[in-house]
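Residues per chain, in single letters:
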Amino acid sequence: MAPSVAEITAQVTETNDKLAQLKLDGPDKQGNGPSYPFYYPYYDLNEKWPPTEVHEHVDPGLKADPAKPHLLTPETKINHISPYIGTEITGIQISQLSEEGLDELALYAAERKVLIFRDQDFKDIGADRQIELIKRFGPIQRHPTSGNVKGYPEFHVVYRDAEHDHFKRFLPDNRINRTQWHSDVSYEKQPPGTTFFFILDQPEVGGNTLFASQVEAYKRLSPEFQKRLEGLRAVHSAHEQAEGSLRRGGPVRREPIETEHPLVRRHPVTGEKALYVNTGFTRRIVGFKTEESDYLLKFLYDHIAKGADFQIRASYRPGTVVVWDNRVTVHSATGDFDSVERRHAVRLTPQAEVPIPA
């Protein structure tokens, strides 16, 4: 049975009361409570937004010097995790990059798919500065159902502790495992591009993020199969996410939409072709009968999920910022840590171009 209006109001009030107290108190003497209470998830059932407007997008990576002299300086140290995806970076601060350096970051994220920056001060520079920096990559998506920060709807807050289980909020309890490959809010008319995720608290062990290259997943297919996929379109839906939020007594700030996107898309900077389907939001292939669509999508989902040789596991430690390109990757959280431990992170999600067919 769905919760009553009174029950929903009580849940939201309790959450927001906890937010207010955490902002006053912060961690207690034993170190309990989030290290950054400002970013505790905030929910407002009365928060309503109009549909997202389509905008012209010019990717900053197009302006970048391919040599990346402002990003890959003599002090910058890089470690490639896989030939196809993932690079760990130390020796440079995102917060100190020039406009040219930020453009080069966009290009490098497109090329390497996932960048893991260590020892960053990004979490400490303040919300206004964080937003100012990331807006260079596109208008920041305001999530229709997730926790955000009071007064700062640009932030998507990921939070789990003994009282607040993020996985139970988003995945059913009858799942054998909680892996769910997805590309963030792919139902948007202009889905995200260069995305920023910074950690605030993390468990001692676990709580990593899995990433897979949709470019390499596409390349592994036979040329004939690739040609068959090109030109197809798939429907991406926000309805299930909205319905799940309502069942939990959460907000739906924007009316859910369904959008058609190319099943194979082309990156505007690198020109690479990538699969663009995910179990989180893709629902059906346009023009196919149900059984045909289900059969093909299941094959593609299995292919992506089993492709361990084009996947990485991004780990976190204090000061980690992960930057990835949502257009050419899928990812999944891992629910492999004790439920009494805290995992607290924030995502800023700039929207990119309308997907370009291959």
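Residues numbered from 1 in each chain as written. Predicted model: local features only at pLDDT ≥ 70, side-chain atom pairs only at ≥ 80, totals over all residues. Heavy atoms only, no water.

Overview of the packing of aromatic side chains
Applicable threshold: Between 30 and 60 degrees the pair is tilted, below 30 it is stacked and above 60 it is edge-to-face, where a pair is any two Phe, Tyr or Trp rings, Trp via its six-membered ring, whose centres lie within 6.5 Å. Counting from the N terminus, the helices are DSSP H or I runs at least four residues long and the strands are E runs at least two residues long. For each residue, the accessible area found with a 1.4 Å probe, counting protein chains only, is set against the maximum for its type, and the residue is called buried under 20%, exposed over 50%, and partly exposed in between. Either the NZ atom of lysine or the CZ atom of arginine qualifies as a charge over a ring when it sits within 6 Å of the ring centre and within 35 degrees of the ring normal.
This model, assessed by the stated rule, comprises 13 aromatic pairs. On the numbers, 5.2 Å between centres and 70 degrees between planes, the contact of Phe122 with Phe198 is edge-to-face. Of the two residues, Phe122 sits in the loop between β3 (114-117) and α3 (127-134) while Phe198 sits in strand β5 (residues 194-201), which places them 76 residues apart along the sequence. Accessibility assignment for this pair places Phe122 and Phe198 in one class, buried. For the cation-ring pair, Arg142 lies above Trp49, with the distance from its terminal atom to the ring centre recorded as 5.8 Å. Over the face of the ring belonging to Tyr84 we find Arg220, whose NZ or CZ atom lies 5.2 Å from the ring centre.

A closer look at the nonpolar core
Cut-off, in case you're wondering: Joining through side-chain atoms within 4.5 Å is the link that ties buried Ala, Val, Leu, Ile, Met, Phe, Trp, Tyr and Cys residues into a set, and such a set is a nonpolar core. By definition, residues are in contact when any of their heavy atoms lie within 4.5 Å.
Of all hydrophobic cores here, the largest spans 33 residues; its most connected members are Tyr39, Leu105, Phe117, Phe155, Phe198 and Val323. Ranked by residues supplied to this core, first place goes to helix α2 (residues 99-112) with five residues. When residues no more than four places from it in sequence are discounted, the contact partners of Tyr39 are Lys123, Gly126, Ala127, Gln130, Val149, Phe155, Val157, Phe198, Leu200, His344 and Val346. Listed in part, the 20 residues of the second largest apolar core include Ala217, Ile285, Tyr301 and Val330.

Observations regarding the environment of Arg347
Quick reminder of the rule: Pairs of N or O atoms within 3.5 Å make up the polar contacts considered here, provided that, within protein, one atom can donate a hydrogen while the other can accept it, and that residues adjacent in sequence are counted only when both atoms are side-chain atoms.
Locating Arg347 in the fold gives a position in strand β15 (residues 343-348). Each C-alpha atom of the pair Arg347 and Phe198 lies 6.6 Å from the other, and the pair is 149 residues apart in sequence. One polar contact links Arg347 to Thr349, side chain to side chain, over a distance of 2.8 Å.

Quick look at α2
Using the following cut-off: Residue count minus one, scaled by 1.5 Å, sets the expected span of a helix.
The end-to-end C-alpha separation of α2 is 20 Å, in line with the 20 Å expected for 14 residues at 1.5 Å each. Where burial is concerned, most of α2 is hidden: eleven out of the 14 residues are buried. For α2, every residue scored as buried is listed here: Gly101, Leu102, Asp103, Glu104, Leu105, Ala106, Leu107, Tyr108, Ala109, Ala110 and Arg112. Buried-residue contacts for α2 involve β1 (77-80), β2 (87-90), β3, α3, β5 and β13 (321-325). Of the residues trailing α2, Lys113 is marked for its positive phi of about 75 degrees.

Some thoughts on the pattern of salt bridges
We apply this condition: Between Lys or Arg on one side and Asp or Glu on the other, a salt bridge is scored when a side-chain nitrogen of the former is within 4 Å of a carboxyl oxygen of the latter.
Under the defined criterion, the tally for this structure stands at 25 salt bridges. The salt bridge partner of Arg142 is Glu154, with a shortest N-O separation of 4.0 Å. Here Arg142 is found in the loop between α3 and β4 (156-160), whereas its partner Glu154 is found in the loop between α3 and β4, with twelve residues between them in sequence. Linking Arg347 and Asp184 is a salt bridge whose minimum nitrogen-to-oxygen distance equals 3.1 Å. Of this pair, Arg347 sits in strand β15 while Asp184 sits in the loop between α4 (166-170) and β5, and the two are 163 residues apart along the sequence. With a relative accessible area of 2%, Asp184 lands in the buried category.

A word on the sheet that holds strand β8 (residues 258-262)
Definition in use: We treat two strands as partners when DSSP finds at least two bridges between them. Axis lines are fitted to C-alpha atoms, over the contacting stretch for helices. Their N-to-C directions set the angle, which ranges from 0 to 180 degrees.
Read across the open sheet, the three strands follow the order β8-β7-β11; overall the sheet is antiparallel. If you trace the sheet from one side to the other, it starts and ends with β8 and β11 (282-285), each paired once. Here the strands of the sheet are splayed against their neighbours by 30 degrees on average, with no regard to which way each runs. One ladder, built from three bridges, connects strand β7 (residues 233-237) with β11; its direction is antiparallel. Considered in β11, the bridge of Ala234 is made with Ile285.

Thoughts on the side chain of Arg160
On the secondary structure map, Arg160 appears in strand β4. Given the relative accessible area of 6%, Arg160 is considered buried. Of note is the side chain of Arg160, whose polar atom sits 3.5 Å from the backbone oxygen of Phe337.

Some thoughts on the environment of Tyr316
Inspection of the secondary structure puts Tyr316 in the loop between β12 (311-314) and β13. Here Tyr316 falls in the buried class, since its relative accessible area comes to 11%. Residues Tyr316 and Gln202, spaced 114 residues apart in sequence, show a C-alpha to C-alpha distance of 7.1 Å. What Tyr316 contacts, discounting residues up to four positions off in sequence, is Arg118, Phe197, Ile199, Gln202, Gly207, Asn208, Thr209, Val322 and Arg343. Within the local environment of Tyr316, its side chain forms a polar contact with the side chain of Thr209, the two groups lying 2.6 Å apart.

Brief notes about the sheet that holds strand β6 (residues 209-213)
Strands sit in the order β12-β6-β14 across an open sheet of three strands; the sheet is antiparallel. A single partner strand is all that each edge strand has here, and the edge strands are β12 and β14 (329-333). Ignoring strand direction, the axes of neighbouring strands in this sheet form an average angle of 20 degrees. Summarising the sheet, β6 and β12 pair through four bridges and their orientation is antiparallel. Within β12, the residue paired with Phe211 across the bridge is Ile312.

Re the confidence of the model for the protein chain
Condition: Values of pLDDT, the confidence the predictor places in each residue, fall between 0 and 100.
Overall, the predicted model of the protein chain reaches an average pLDDT of 91, with 89% of residues at or above 70. Ignoring residues within four places in sequence, the model shows residues 1-10, a span with pLDDT below 50, making six contacts including any to other chains. Low confidence marks residues 21-26, where pLDDT is under 50. Its contacts with residues over four positions away, or in another chain, come to nine contacts.

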